[in-house]
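# Commentary on secondary and tertiary structure
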Amino acid sequence: MSVYEKIGGSAAVDAAVDIFYRKVLADDRISEFFDTVDMEAQHAKQKAFLTMAFGGPNSYSGKDMREAHKHMNLTEEHFNAVAENLVGTLTELEVPQEYIDEIVGIALSVKDDVLNK
Amino acid sequence: MTAIVHYQSTAVPLDHGETVLDALLRSGFDIPHGCKAGACHACMLQSESELPATAQAGLKENQKSLGYFLACQCKPAEAITIAGAAEATKRSSAEVISIQSLSKSVVRLQLKADFKYIAGQYINLWKDPLTCRSYSLASIPTEDNILELHIKIFEHGVFGQWIENDLRPGDKVDISGPMGECFYSGDKSSPLLMLAMGTGLAPIYGILQDALVKGHVGKINIVAAARDANDLYYLDLLSNMAKFNPQLNTHFVAQCSDGRENVTEADVYSYVKAEFSSTKGYRVYLCGGENFVKKMKRQAFLAGANMPDIYADVFLAFGE
Ligand SMILES: Cc1cc2nc3c(=O)[nH]c(=O)nc-3n(C[C@H](O)[C@H](O)[C@H](O)COP(=O)(O)OP(=O)(O)OC[C@H]3O[C@@H](n4cnc5c(N)ncnc54)[C@H](O)[C@@H]3O)c2cc1C
Ligand code: HEM
Ligand code: FES
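Residues numbered from 1 in each chain as written. Chains lettered and ligands numbered in written order. Predicted model: local features only at pLDDT ≥ 70, side-chain atom pairs only at ≥ 80, totals over all residues. Heavy atoms only, no water.

### What to know about the overall build of chain A
What chain A contains, in helices and strands, is eight helices and zero strands. Along chain A, helices and strands appear, N-terminal first, in the series α-α-α-α-α-α-α-α. For chain A, whose C-alpha radius of gyration is 13 Å, the value lies close to the compact-globule estimate of 13 Å for 117 residues. On the principal axes, the C-alpha backbone points of chain A span a range of 35 × 25 × 25 Å. Per-residue burial over chain A gives 43% buried out of 117 residues. Put simply, 77% of the contacts in chain A that link residues at least 6 apart link residues at least 24 apart. Of the roughly 6,200 Å² of accessible surface on chain A, a fraction of 53% belongs to carbon and sulfur atoms. Charge centroids of chain A, computed over 11 positive and 21 negative side chains, lie 5 Å from each other. (Helix = DSSP H or I, 4+ residues; strand = E, 2+ residues; numbered from the N terminus. Rg over C-alpha atoms; globule rule 2.2 N^0.38 Å. Buried < 20%, exposed > 50% of the residue type's maximum accessible area, 1.4 Å probe, protein only. Contact = heavy atoms within 4.5 Å. Areas by Shrake-Rupley, 256 points an atom, 1.4 Å probe, with all protein chains shown as cover. Lys, Arg positive; Asp, Glu negative; His and termini not counted. Charge placed at Lys NZ, Arg CZ, Asp CG, Glu CD.)

In structure tokens:
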């Protein structure tokens, strides 16, 4: 069973998305990337992000991740900020530590693609 | 590469960045349209070609599957062939009942029409067969069939001037719709926060009446804002409603209060932030111009309201 299924699948994403997006918008290190006119569209993208980070069904390849983030010139600090907000969200939702570790592992596995290294 | 629009056996090449609607209008075709912003759906056409996703954003699934798209939101990368106008959204005739000034810059237009809608939705009002604008309904559906619209008059605004100067009681006008997803629904005990800028009060007033009629028991806070206190309207009406409905609280906010009693002189964003520091568990209704809705949506979300509980209508101005 994947960690996505263990924490409750799409319902877990729904529970996490508002908390996560709120943290991201309030985080000066990265808020500029997400603060667009169309909050609904960004909200939907946060869901795509969480689904992927939780190891849920998604159709993104490493190459897609590279393409999606290439133009943003992301740094280590940006990545860490996203990871911290992700962990903060999961902690708030009282997700067991072992699942959090697993999710962080998934995020780290796409780090090089996201940072275009 | 230039994309080409094929329409009624004419091939119209698109200028760089041009929409299908602008290209067809430039070439002399009569295409009904209104907002040029994807809100009124008056420019809907039909095509069997591949369409960019943005051209179908906001349409219903069955409309999408029929190849309907919004010409004002369509910038195709390749050639497209247009089959024709989407089966015209049905227009119905309405009779003008009254036109009355509500404030320095806002008039109330009452129409009589047998028309189904949910309070808070908006309609298209047609000045001629090709030109419309969207206006929100301030009324709730009742047996007298009276529709109420609040119209802000701009000095050079085509519709505002037409309504204020040319329309007379007894005249017949066409309307179509309704549209929009910003209306009262959900449980009756959650706190509601209703924020209106300018004529954004029209749908908010409709939604408020609907909530009260449906027996909403949770707290309701309504904030009516304007730049200038003289643009505010319905102060007495709303204050009276609050007297008879203890769950209702009214707030009137203007940047310049002009000494008017009951009006708080404040920046509406700071005011709302201070009064409603936590919006957790709230249902939030937001209506007004694009900037207002965008800023307030962000603010309400950061203060704790969940995204699916924030309902908004943006009054995009023509051509923006
Ligand atoms: C979903 C929706 C609901 C709407 N509901 C309402 C409503 O309930 N009440 C209402 O009054 N309007 C509403 N509008 C806006 C309305 O549709 C028209 O855009 C507005 O009435 C202006 O039309 P007009 O023909 O008078 O001006 P236009 O001829 O379209 O504009 C001419 C000029 O007027 C001035 N102008 C127009 N709009 C603005 C603006 N927003 N700010 C500053 N200057 C402007 C500009 O100088 C502009 O160039 C709504 C719009 C949408 C999309
Ligand atoms: C943990 C690693 C990350 C993963 C798994 C991830 C995943 C995703 C996914 C799935 C999308 C949606 C792509 C689409 O459908 O358009 C996306 C978009 C986006 N990501 Fe990430 N992301 C990560 C890190 C980051 C970081 C560190 C930032 C910036 C601080 C960032 C900023 C964005 C932005 C702004 C978009 C939207 C792009 C657009 O609007 O088109 N991401 N990401
Ligand atoms: S939706 Fe295209 S003109 Fe209004």
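On we go from here.
### Some remarks on the layout of surface pockets
Residue and element names in this part refer to chain A. Estimates place the volume of the second largest pocket at around 750 Å³. Around the second largest pocket, the lining is made up of 28 residues, and of these F34, F49, M65, H69 and M72 lie nearest the centre. The set of elements that each furnish at least two residues to the lining of the second largest pocket consists of helix 3 (31–34), helix 4 (39–53), helix 5 (62–70), helix 6 (76–92) and helix 7 (97–109). A breakdown of the residues in the lining of the second largest pocket according to their chemical character gives 22 nonpolar, five polar and one charged. (1 Å grid on protein atoms, 1.4 Å probe; cavity = no way out; pocket = protein on both sides within 12 Å on 5 of 7 lines; lining within 4 Å. Points joined across faces, edges and corners; volume = space filled by probe spheres on them. Nonpolar A, V, L, I, M, F, W, Y, C, P; charged D, E, K, R; others polar.)

### Remarks on the site of ligand 1
All names here are of chain B. Ligand 1 sits among 21 residues. The nearest are S134, H150, K152, V158 and F159. Within the side chain of Y135, an N or O atom sits 2.8 Å from an oxygen atom of ligand 1. Here T199 contributes a side-chain N or O atom positioned 3.2 Å from an oxygen atom of ligand 1. Elements supplying a minimum of two residues to the shell around ligand 1: strand 9 (131–136), strand 10 (146–152) and helix 3 (158–165). (Near = heavy atom within 4 Å. Polar contact = N/O pair within 3.5 Å; in protein donor to acceptor, adjacent residues only side chain to side chain.)

### Some remarks on empty space enclosed by the protein
Residues and elements named next belong to chain B. The final tally for this structure, using the stated rule, is one cavity of 30 Å³ or more. What lines the largest cavity is G198, L201, A224, A225, D231, L232 and Y233. Of the residues in the lining of the largest cavity, the class split is five nonpolar, one polar and one charged.

### A closer look at the interface of chain B and chain A
Residue-level contacts link 11 residues of chain B with 11 residues of chain A. Each partner contributes to the roughly 1,100 Å² buried at the junction of chain B and chain A, and carbon and sulfur atoms together form 59% of this total. Here chain B is connected to chain A by one salt bridge. Of the charged contacts, one joins B:K297 and A:E40 as a salt bridge, the two residues approaching to 3.0 Å between their closest N and O atoms. Where chain B touches chain A, the interface holds seven residue pairs in polar contact (both at pLDDT 80 or more). Each residue belonging to the side of chain B that touches chain A can be placed in one class, and the counts come to five nonpolar, two polar and four charged. (Buried area = accessible area lost by both parts, 1.4 Å probe. Salt bridge = Lys/Arg side-chain N within 4 Å of Asp/Glu carboxyl O.)

### Description of the domain arrangement of chain B
According to the domain assignment, chain B consists of domain 1 (4–82), domain 2 (87–179) and domain 3 (192–315). When each unit is reduced to the centre of its C-alpha atoms, the spacing between domain 1 of chain B and domain 3 of chain B is 36 Å. (Domains from an automatic or database assignment.)

### Some thoughts on the packing of helix 2 (residues 9–25) of chain A against helix 7 (residues 290–302) of chain B
The geometry of helix 2 of chain A relative to helix 7 of chain B is characterised by a closest axis approach of 10 Å and an angle of 115° between their N-to-C directions. One element, helix 2 of chain A, and the other, helix 7 of chain B, form an angle in the roughly perpendicular class. Judged by the twist between their axes, the crossing of helix 2 of chain A over helix 7 of chain B is left-handed. On the side of helix 2 of chain A, the interface is formed by A:D18, A:Y21, A:R22 and A:L25, while helix 7 of chain B contributes B:R298, B:F301 and B:L302. Partitioned by chemical class, the residues of the contact of helix 2 of chain A with helix 7 of chain B number four nonpolar, no polar and three charged. (Axes fitted to C-alpha atoms, helices over the stretch in contact; angles between N-to-C directions. Parallel < 35°, antiparallel > 145°, perpendicular 65-115°, else oblique. Left-handed = near helix turned anticlockwise from the far one by under 90°.)

### Concerning the packing of helix 2 of chain A against helix 4 of chain A
Residues and elements named next belong to chain A. Direction vectors running N to C along helix 2 and helix 4 enclose 115°, while the axes themselves pass 9 Å from each other. Of the two elements, helix 2 crosses helix 4, and the hand of that crossing is right-handed. Contact residues: V13, D14, A16, V17, D18, F20, Y21 and L25 in helix 2; M39, Q42, H43, Q46, K47, F49, L50 and T51 in helix 4. Taken together, the residues of the contact of helix 2 with helix 4 break down into nine nonpolar, four polar and three charged.

### A closer look at the site of ligand 2
Residues and elements named next belong to chain A. In the region of ligand 2, 19 residues are neighbours, and K45, F49, Y60, H69 and M72 sit closest. Separating an oxygen atom of ligand 2 from a side-chain N or O atom of K45 is a distance of 3.0 Å. The site holding ligand 2 turns out to be the second largest pocket. Looking at the shell around ligand 2, the elements that each hand over two or more residues are helix 3, helix 4, helix 5 and helix 6. The element best represented in the shell around ligand 2 is helix 4, accounting for five residues. For the shell around ligand 2, the residue count by class is 15 nonpolar, three polar and one charged. (Sits in = over half its atoms within 2 Å of the grid points.)

### Considering helix 4 (residues 201–213) of chain B
Every α-helical turn comprises 3.6 residues, leaving residues that sit three or four positions apart pointing alike. Residues and elements named next belong to chain B. With 13 residues, helix 4 extends 18 Å between its outermost C-alpha atoms, agreeing within 8% with the 18 Å of an ideal straight helix rising 1.5 Å per residue. Within helix 4, 12 of the 13 residues are buried, which leaves the element mostly enclosed by the surrounding structure. Buried within helix 4 we find L201, A202, P203, I204, Y205, G206, I207, L208, Q209, D210, A211 and L212. Following helix 4 by one or two positions, G215 has its phi on the positive side, about 85°. (Expected span 1.5 Å × (residues − 1).)

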